[in-house]
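Coordinate inspection notes
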Amino acid sequence: GPSGVDANLLQQIAALQAQLDTLRSAISVGSDGSLQVTAPAAREDSTAGDFTDTVGGNRTLAVSANDSVNVSGSSTTNVGGAVVVKAGNSIALQSGGSIVQLNADGSIIVQAAGNLLLEAGGTVTLKGTQVLTNP
């Protein structure tokens, strides 16, 4: 290198340049201000405090394998319109030993760990080709 320049400093600059080149290949900013982040390997986001995501338009999330969300406290979802959950095999809601399961074949299973209370402000109608009260 040039005379009078510390060789260690030149190595540190080269290492920083390599890291910057890696970032440039992972983050691209379009002329319209759009941002794309590409992670060629595993990625982990970690925040020690609060984390807020705000989306001004539509949001799409595509997961090619499994998806898991774990919340240590409570979870709240507020939706101004309809909620649609689609599953190929079944959808199950579980709290303690009680489960409500909707199956792809059209059957619905309600399992109560204790008493089951059906309460409505109006009429409760059970309809079927056969209604069994104590099979």
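Quick note: structure is the one above.
Cut-offs applied
- Residues numbered from 1 in each chain as written.
- Predicted model: local features only at pLDDT ≥ 70, side-chain atom pairs only at ≥ 80, totals over all residues.
- Heavy atoms only, no water.
- Pairing = 2+ DSSP bridges.
- Helix = DSSP H or I, 4+ residues; strand = E, 2+ residues; numbered from the N terminus.
- Salt bridge = Lys/Arg side-chain N within 4 Å of Asp/Glu carboxyl O.
- Buried < 20%, exposed > 50% of the residue type's maximum accessible area, 1.4 Å probe, protein only.
- 1 Å grid on protein atoms, 1.4 Å probe; cavity = no way out; pocket = protein on both sides within 12 Å on 5 of 7 lines; lining within 4 Å.
- Points joined across faces, edges and corners; volume = space filled by probe spheres on them.
- Axes fitted to C-alpha atoms, helices over the stretch in contact; angles between N-to-C directions.

1. Section: the pairing of strand E5 (residues 108-111)
- Pairing of strand E4 (residues 98-103) with E5 involves four bridges; the strand directions are antiparallel. Each bridged residue has a counterpart across the sheet, and for Ile-99 the counterpart in E5 is Gln-111.
- Between E4 and the antiparallel strand that follows it, E5, lie four residues; Gly-106 among them carries a positive phi value of about 95 degrees.

2. A closer look at the pattern of salt bridges
- Counted by the stated rule, this structure contains one salt bridge.
- We note a salt bridge from Arg-43 to Asp-45, for which the minimum N-O separation is 2.7 Å. Asp-45 matches Arg-43 in its accessibility class, with the two residues each being exposed.

3. Comments concerning the pairing of strand E3 (residues 90-95)
- In terms of burial, E3 is largely open, as just zero of its six residues are buried.
- In this structure, E3 lies alongside E4, joined through six bridges in antiparallel fashion. Paired with Gln-94 across the two strands is Ile-99, which belongs to E4.
- Here E3 folds back onto E4, and the loop between the two strands holds two residues, one of which, Gly-96, carries a positive phi near 60 degrees.

4. Some details on the layout of surface pockets
- Estimates place the volume of the largest pocket at around 660 Å³.
- Taken together, Arg-59, Leu-61, Val-63, Asn-66, Asp-67, Ser-68, Val-69, Asn-70, Val-71, Thr-76, Thr-77 and Asn-78 form the lining of the largest pocket.
- Reported here for the second largest pocket is a volume of approximately 160 Å³.
- Looking at the second largest pocket, the residues that line it are Ile-108, Val-110, Leu-116, Leu-118 and Leu-126.

5. Thoughts on the sheet that holds E3
- One open sheet accounts for three strands, arranged E3-E4-E5; its pairing is antiparallel. At either margin of the open sheet sits one strand with a lone partner, and together these are E3 and E5. Averaged over neighbouring strand pairs, the angle between their axes works out to 5 degrees when direction is ignored.

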